[in-house]
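# Summary of the model geometry
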Amino acid sequence: EILALLEFRRVLFRSWSGIIYSVVMLSLLVFLFFVLIFKSDAVIHLLRLDKGFDEDRIEFQNFNVENILMLAVIIIGATMILDNIATLLNQIYLSVKVFISNQSDLVTINGQSSYHLVLSSTKIVLGYLLLTNYPAVSKFLMKITQKKD
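Broken down by element type, the protein chain carries six helices and zero strands. Written out in order from the N terminus, the α and β elements of the protein chain read α-α-α-α-α-α. The buried share of the protein chain, taken over its 149 residues, is 19%. A sequence separation of at least 24 residues applies to 81% of the contacts in the protein chain between residues at least 6 apart. Total accessible area on the protein chain is roughly 11400 Å²; 69% of this is exposed by carbon and sulfur atoms.

Shown next as structure tokens:
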């Protein structure tokens, strides 16, 4: 009877942790949706994405190679950040779960978890650096291509 009670508690803890994890992830996604859709001006000012562009409108007639490179660097940086946020949060959750619990089946995840944790956080930092320094990155890429020509 005691073993059955302990097994019931273990299953209940696993189901509650899954529910809590799902609620946290859903609330984070709703928050990100709200910020990116309704507070996009604040995100632009926070990341200083408006520097380097003098006008609010983008005219395609005056689009030169440097402007295309700037836009490409912005898109790549944003993609790196958005693609790795979920992975980073998942790996943080797994790392905390491994740290708190003493279950042997979770310890095998530890090496893989730390690798993906470092990898996704590095990608997020690189994406942030691309977003905040896109004029310098595009000028650097222009210099490289001009040297090859």
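The terminal C-alpha atoms of helix 6 (residues 134-148), which comprises 15 residues, lie 21 Å apart, in line with the 21 Å expected from a rise of 1.5 Å per residue. Every buried residue of helix 6 is listed here: Tyr134, Pro135, Ser138 and Met142. For helix 6, the buried positions fall inside an angular range of 100° around the axis, keeping them on one side. Away from the buried face of helix 6 by more than 90 degrees, exposed residues Ala136, Phe140, Lys143, Lys147 and Lys148 are located.

Glancing now at the nonpolar core. The biggest cluster of nonpolar side chains holds nine residues, and these are Leu47, Met70, Val73, Ile74, Met80, Ile81, Leu130, Leu131 and Tyr134. With five residues, the single largest contributor to this core is helix 3 (residues 65-100). Those residues in contact with Leu47, other than ones at most four positions away along the chain, are Tyr128, Leu131 and Thr132.

Another point: the environment of Tyr93. The topology assignment puts Tyr93 in helix 3. For Tyr93, a relative accessible area of 23% translates into the label partly exposed. In this structure, the C-alpha to C-alpha distance between Tyr93 and Tyr21, residues 72 residues apart in sequence, is 8.1 Å.

Conventions used here
Residues numbered from 1 in each chain as written. Predicted model: local features only at pLDDT ≥ 70, side-chain atom pairs only at ≥ 80, totals over all residues. Heavy atoms only, no water. Helix = DSSP H or I, 4+ residues; strand = E, 2+ residues; numbered from the N terminus. Buried < 20%, exposed > 50% of the residue type's maximum accessible area, 1.4 Å probe, protein only. Contact = heavy atoms within 4.5 Å. Areas by Shrake-Rupley, 256 points an atom, 1.4 Å probe, with all protein chains shown as cover. Expected span 1.5 Å × (residues − 1). Arc of directions from axis to C-beta. Core = buried A, V, L, I, M, F, W, Y, C linked by side-chain atoms within 4.5 Å.

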